[in-house]
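Residues per chain are reported as follows:
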Amino acid sequence: MTKIQRLRELMRKRANKREDVPVEEVTAAVTDATTEVTGTIDGVLAAVDALLASPPESPDDWAAQVTAIREQVAALVPDVEDIVSAVDTVDPSGSDAAMQQGADRMTKALKDIAAKLSKAQERQAKRGELRNIAHQNNAALGGMRSATPPLPLINGGQTVEPTFKRTKRFRNDEQATKLGRMLQALNGNETARRWCDERGLMQRAALSSDYATGGILIPEDIEAEIVKFRDERGLARQLCKVVPMGVASRTFRKQVDGPTVEYIGEGTPAAGITTSDKVRYSEHTLNTKWAAIGTEWYPLLDEDAAVSLADEFADWAGYAMAGAEDQAVFAGTGLSATGGIIGMPYAFRKAVEDAGGTWTTDAHKAYHPGLKVATGSTWASVTLADITGMGANLAHRAGITRGYVCSSAFYYGKLLALAQAAGGIQPVNITDGVPQMMFNGFPVYITDYMPTATAVSDIPLLFGDFSSYYFGDRRGLTIESDKNIKTQLITTVATWRYGGMPFDFGTASSSAGSRLRGGIAALVTTNS
């Protein structure tokens, strides 16, 4: 186990509060992990300095070295984040100067790497421009030729405007063309790069725990069109409370007790007030996670292909982002497959287990007041009373909106059958010609990241106010590209950052008097 892995293990134990981990032990682990990671960072810095001091002549060799450095930085970022988080946890006052300085030095070193990589890229771009000039003036330079095609120039060096084609995904053709030309520039098209540079489009994201050197930021107006496509397809952002995140982690406080109203006698206003009447809060930390999606395509480098390229990017990026976010929110189990995010159904299981219960023990499911235990272990055994009774497992508050979430299999296979069997209930309500899925007077939202087949001790249905789950939105979309010289395929990677956290889900306890209902209830099948 490496030093950083040891630190992560200790912090996990502290977070779970299952084991008493002394602060001194964590402090020592922070020091060891800082030494280990700092040594790796120093090695990466040396590699960047060597690249700047003696850049390779071959563009492919240069690109390979830069890619290798970026991969090293991408692997270091989560290590530095975890160390900084540990320092803030065990020394929030900043009294331990050595720990604070170590964390600051690592963060600064990563920023220095990003700045130096940007400088290296600028040098390479200048070399590419010189090769183009040499090609265009080959007669004056004695017939010198370049493998890079000449740039079409007009009016003092301005690049020729591309011919706009009609976009299918963006508000106008100009937006699509900008994104398409940015993608072409990332793919090595010098004409597109010049076009983007003239318009200030190729802005690199600042390194603040960001992916590698930060990626190329997509302009806000273009990003808005892509995320609109994502938000229309995805369910998580539609239902959850979306919280803008200016930092990687943010702590929220929730009132859990008090104040109590006391009735007092005249002339003795403070007689009945006790310390138990104070307001008490619980703290919940929302951490955002890095997410990346990529695809491969053959280069579309001519100017007229820019719009098609942008539309294709919006299609796969929008769909993939929506799918990843929905999977995390409705099927996340805290594992790496969903970025460590705990989704809505699993939050109930985790609460039962944290309260000392066993999930496969039906009696222990009662530890969480938000769980409605079904009549049996299969969907076939679920009754109408099971589903309508879920309302009793909610904390009802004025002004909230409620609905159901389930898979299409559960809706059509169970809810619709129950509605039709009840008699006189239309399976689909039609409002202004738009079909709406409804059950028991509440809307039904469909996502197939909820269970699609019957299983024991499983949660196929959620009911309540889904703004009780907080969805953290960290920053905008960035893109990076790399070309395989053997296959000629171009890999484009888009990165963004988000997180999810069950906030108002109630309190589970083995003691009935300590249980509190929350804003969401869940139907759970029995284990046998």
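Heads up: the structure comes first, above all this text.
Anyway, here's the lowdown on the structure attached to this text. (Residues numbered from 1 in each chain as written. Predicted model: local features only at pLDDT ≥ 70, side-chain atom pairs only at ≥ 80, totals over all residues. Heavy atoms only, no water.)

Focus on the overall build of the protein
For step 1, the next point in the chain: For the protein, the helix and strand inventory stands at 12 helices and 16 strands.
For step 2, the next point in the chain: A buried classification covers 43% of the 528 residues belonging to the protein.
For step 3, the next point in the chain: Long-range contacts, defined here as pairs at least 24 residues apart, represent 72% of the contacts in the protein between residues at least 6 apart.
For step 4, the next point in the chain: Per element, the accessible surface of the protein, about 25800 Å² overall, is 52% carbon and sulfur. (Helix = DSSP H or I, 4+ residues; strand = E, 2+ residues; numbered from the N terminus. Buried < 20%, exposed > 50% of the residue type's maximum accessible area, 1.4 Å probe, protein only. Contact = heavy atoms within 4.5 Å. Areas by Shrake-Rupley, 256 points an atom, 1.4 Å probe, with all protein chains shown as cover.)

A few points about the packing of aromatic side chains
For step 1, the next point in the chain: Inspection of every chain in the model, using the stated rule, returns 11 aromatic pairs.
For step 2, the next point in the chain: Their ring planes at 70 degrees and their centres at 5.1 Å tell us that Phe-442 and Phe-463 sit as a pair that is edge-to-face. Separated by 21 residues along the polypeptide, Phe-442 in strand 12 (residues 442–446) and Phe-463 in strand 13 (residues 461–464) bring together distant segments of the chain.
For step 3, the next point in the chain: A relative accessible area of 3% means that Phe-463 is categorised as buried.
For step 4, the next point in the chain: Grouped by ring-pair contacts, the aromatic residues Tyr-404, Phe-439, Phe-442 and Phe-463 constitute a single cluster. (Phe/Tyr/Trp six-rings, centres within 6.5 Å; stacked < 30°, edge-to-face > 60°.)

Structural notes on unusual backbone geometry
For step 1, the next point in the chain: Of note in the backbone geometry, Asn-440 takes a positive phi value of approximately 55 degrees without being a glycine.
For step 2, the next point in the chain: Of note in the backbone geometry, Ser-457 takes a positive phi value of approximately 50 degrees without being a glycine.
For step 3, the next point in the chain: With respect to the element layout, Ser-457 can be found in the loop between strand 12 and strand 13.

Focus on the nonpolar core
Most often, soluble globular proteins keep nonpolar side chains buried together rather than apart.
For step 1, the next point in the chain: Counting residues in hydrophobic clusters, the biggest one holds 49 residues, and the most contacted among them are Leu-179, Ile-226, Phe-313, Phe-330, Met-344 and Leu-462.
For step 2, the next point in the chain: The leading source of residues in this core is helix 9 (residues 306–331), at 11 residues.
For step 3, the next point in the chain: Apart from the residues lying within four places of it in its own chain, the contact partners of Phe-330 are Leu-235, Ala-236, Leu-239, Met-344, Pro-345, Val-405, Thr-447, Tyr-449 and Met-450.
For step 4, the next point in the chain: Counting residues in hydrophobic clusters, the runner-up holds 34 residues, among them Val-26, Val-73, Val-90 and Met-106. (Core = buried A, V, L, I, M, F, W, Y, C linked by side-chain atoms within 4.5 Å.)

Here we look at the environment of Met-344
For step 1, the next point in the chain: Secondary-structure assignment places Met-344 in helix 10 (residues 344–354).
For step 2, the next point in the chain: When the C-alpha atoms of Met-344 and Ala-522 are compared, they prove to be 9.0 Å apart, with 178 residues separating the residues in sequence.
For step 3, the next point in the chain: Once residues within four sequence positions are removed from consideration, Met-344 is found in contact with Cys-240, Val-329, Phe-330, Leu-462, Phe-466, Tyr-469, Phe-505 and Ile-520.

Let's talk about the packing of helix 5 (residues 173–186) against helix 9
For step 1, the next point in the chain: Orientation of helix 5 relative to helix 9, taken along the N-to-C sense of each, is 90 degrees, at an axis distance of 7 Å. Taken as axis vectors, helix 5 and helix 9 run roughly perpendicular relative to one another. Facing Asp-173, Ala-176, Thr-177, Leu-179, Gly-180, Arg-181, Leu-183 and Gln-184 of helix 5, the residues of helix 9 in contact are Ala-306, Val-307, Leu-309, Ala-310 and Phe-313.
For step 2, the next point in the chain: Looking at the contact of helix 5 with helix 9, its residues break down into eight nonpolar, three polar and two charged. (Axes fitted to C-alpha atoms, helices over the stretch in contact; angles between N-to-C directions. Parallel < 35°, antiparallel > 145°, perpendicular 65-115°, else oblique. Nonpolar A, V, L, I, M, F, W, Y, C, P; charged D, E, K, R; others polar.)

Thoughts on the environment of Phe-252
For step 1, the next point in the chain: In this fold, Phe-252 is placed in strand 5 (residues 249–257).
For step 2, the next point in the chain: Between the C-alpha atoms of Phe-252 and Phe-503, which are 251 residues apart in sequence, the distance is 8.6 Å.

Points about the side chain of Arg-237
For step 1, the next point in the chain: Locating Arg-237 in the fold gives a position in helix 8 (residues 236–239).
For step 2, the next point in the chain: A polar contact is formed between the side chain of Arg-237 and the side chain of Glu-325, at a distance of 2.8 Å.
For step 3, the next point in the chain: Not counting residues up to four positions away in its chain, the partners in contact with Arg-237 are Arg-230, Asp-231, Val-242, Glu-325, Phe-471, Asp-473 and Trp-496. (Polar contact = N/O pair within 3.5 Å; in protein donor to acceptor, adjacent residues only side chain to side chain.)

Here we look at the packing of helix 5 against helix 6 (residues 190–198)
For step 1, the next point in the chain: Packing of helix 5 against helix 6 leaves a shortest axis separation of 7 Å and a crossing angle of 130 degrees. The angle between helix 5 and helix 6 places the two elements in the oblique class. Of the two possible hands of crossing, helix 5 and helix 6 adopt the one that is left-handed. For the pair formed by helix 5 and helix 6, the contact residues are Thr-177, Lys-178, Arg-181, Met-182, Gln-184 and Ala-185 on the first element and Thr-191, Ala-192, Arg-193, Trp-195 and Cys-196 on the second.
For step 2, the next point in the chain: Here the residues of the contact of helix 5 with helix 6 sort into five nonpolar, three polar and three charged. (Left-handed = near helix turned anticlockwise from the far one by under 90°.)

Comments concerning the pattern of salt bridges
For step 1, the next point in the chain: Throughout the structure, instances matching the rule amount to 10 salt bridges.
For step 2, the next point in the chain: Arg-105 is the partner of Asp-42 in a salt bridge, and the nearest nitrogen-oxygen pair spans 3.2 Å. Separated by 63 residues along the polypeptide, Asp-42 in helix 2 (residues 23–53) and Arg-105 in helix 4 (residues 97–136) bring together distant segments of the chain.
For step 3, the next point in the chain: Classification of Arg-105 as partly exposed rests on a relative accessible area of 43%.
For step 4, the next point in the chain: In this structure, Glu-353 and Arg-349 form a salt bridge, with 3.1 Å as the shortest nitrogen-oxygen distance. A residue pair is termed a helical-turn pair when its members lie 3 or 4 positions apart in one helix, as Glu-353 and Arg-349 do in helix 10 at four residues. (Salt bridge = Lys/Arg side-chain N within 4 Å of Asp/Glu carboxyl O.)

Keep in mind these numbers describe shape, not what the thing actually does.
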